[in-house]
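The chain contents come next:
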Amino acid sequence: MSTALLGARPVPLARPAAPALPTWAPRVPALAALGLLPWLAVLAACHETAWVVLDLAELTALLGLDALLRRRSPAALRAACVVALLLAGDALADIGTAGPGLPLLAALVMAGCVELPLAALCLVLGRRAGAGQG
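**Observations concerning the overall build of the chain**
Okay, so step 1: When you go through the chain residue by residue, the secondary structure sums to five helices and zero strands.
Okay, so step 2: Secondary structure elements of the chain occur, N-terminal to C-terminal, as α-α-α-α-α.
Okay, so step 3: Among the 134 residues that make up the chain, the fraction classed as buried is 29%.
Okay, so step 4: Relative to all contacts within the chain whose residues are 6 or more apart in sequence, the contacts with residues 24 or more apart total 67%.
Okay, so step 5: Accessible surface for the chain amounts to roughly 8800 Å². Of this, 72% is attributable to carbon and sulfur atoms.

Shown next, in the form of structure tokens:
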């Protein structure tokens with residue numbers, strides 16, 4: 001065995017360029033917060049206090065993330081993590097408390113088509129803001 005191989009330093013692999021996001025993508029957290037408002041009214045009318053509190057926390061976190069993204073703040077990554085945690089927890093709680101049949105299907109569709117993709121997008125946006133890629 002050659003001693004040259006033992007002393008060789010590993011060559012760092014180049015990271016592939018991050019794919020471009022649509023120009024509207026950074027506005028999604030604010031739009032999602034706006035979309036929560038009618039749902040909050042429905043929950044409040046039905047006296048679903050626990051869900052109102054969770055969705056108010058999501059609304060606040062989404063608006064905070066939007067503000068940090070607008071400033072291109074490195075703190076956007078932490079805010080994005082909070083949003084993703086709240087959305088994933090909401091999805092899990094919805095699925096776990098849904099009754100069998102149609103309510104469970106609705107919870108799975110909301111989790112798979114809205115809550116979890118939104119959480120992933122927020123993480124991507126937060127990571128890009130944290131890396132200075134805006």
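**Details of the pattern of salt bridges**
Okay, so step 1: Summed over all chains, the structure comprises two salt bridges.
Okay, so step 2: Of the charged contacts, one joins Asp66 and Arg27 as a salt bridge, the two residues approaching to 3.7 Å between their closest N and O atoms. One end of the pair, Asp66, is in helix H3 (residues 49–70); the other, Arg27, is in the loop between helix H1 (3–7) and helix H2 (28–45), with 39 residues separating them in the sequence.
Okay, so step 3: Among the residues examined, Arg27 registers a relative accessible area of 30% and is labelled partly exposed.
Okay, so step 4: Residues joined by salt bridges that share partners form a network here, namely Arg27, Asp66 and Arg70.

**Re the environment of Leu69**
Okay, so step 1: Note that Leu69 resides in helix H3.
Okay, so step 2: Considered as a pair, Leu69 and Gly130 are 61 residues apart in the sequence and their alpha carbons are 9.3 Å apart.
Okay, so step 3: Leu69 has contacts with Pro26, Pro29, Ala76, Leu125, Gly126 and Ala129, leaving out every residue within four places of it along the chain.

**Focus on the environment of Arg78**
Okay, so step 1: In this structure, Arg78 sits in helix H4 (residues 76–97).
Okay, so step 2: The spacing of Arg78 and Gly126 is 48 residues in sequence and 7.4 Å in space, taken between C-alpha atoms.

**Brief notes about the nonpolar core**
Okay, so step 1: Among the nonpolar cores identified, the biggest contains 26 residues, and Leu62, Leu65, Leu69, Ala76, Val83, Leu118 and Cys122 are the most heavily contacted of them.
Okay, so step 2: Mapped onto this core, the elements with two or more residues apiece are H2, H3, H4 and helix H5 (102–130).
Okay, so step 3: Here this core gets seven residues from one element, more than from any other, and that element is H3.
Okay, so step 4: Ignoring any residue separated from it by four or fewer positions in sequence, one finds Val83 in contact with Ala61, Leu62, Leu65 and Cys122.

Reading guide: rules and limits
Residues numbered from 1 in each chain as written. Predicted model: local features only at pLDDT ≥ 70, side-chain atom pairs only at ≥ 80, totals over all residues. Heavy atoms only, no water. Helix = DSSP H or I, 4+ residues; strand = E, 2+ residues; numbered from the N terminus. Buried < 20%, exposed > 50% of the residue type's maximum accessible area, 1.4 Å probe, protein only. Contact = heavy atoms within 4.5 Å. Areas by Shrake-Rupley, 256 points an atom, 1.4 Å probe, with all protein chains shown as cover. Salt bridge = Lys/Arg side-chain N within 4 Å of Asp/Glu carboxyl O. Core = buried A, V, L, I, M, F, W, Y, C linked by side-chain atoms within 4.5 Å.

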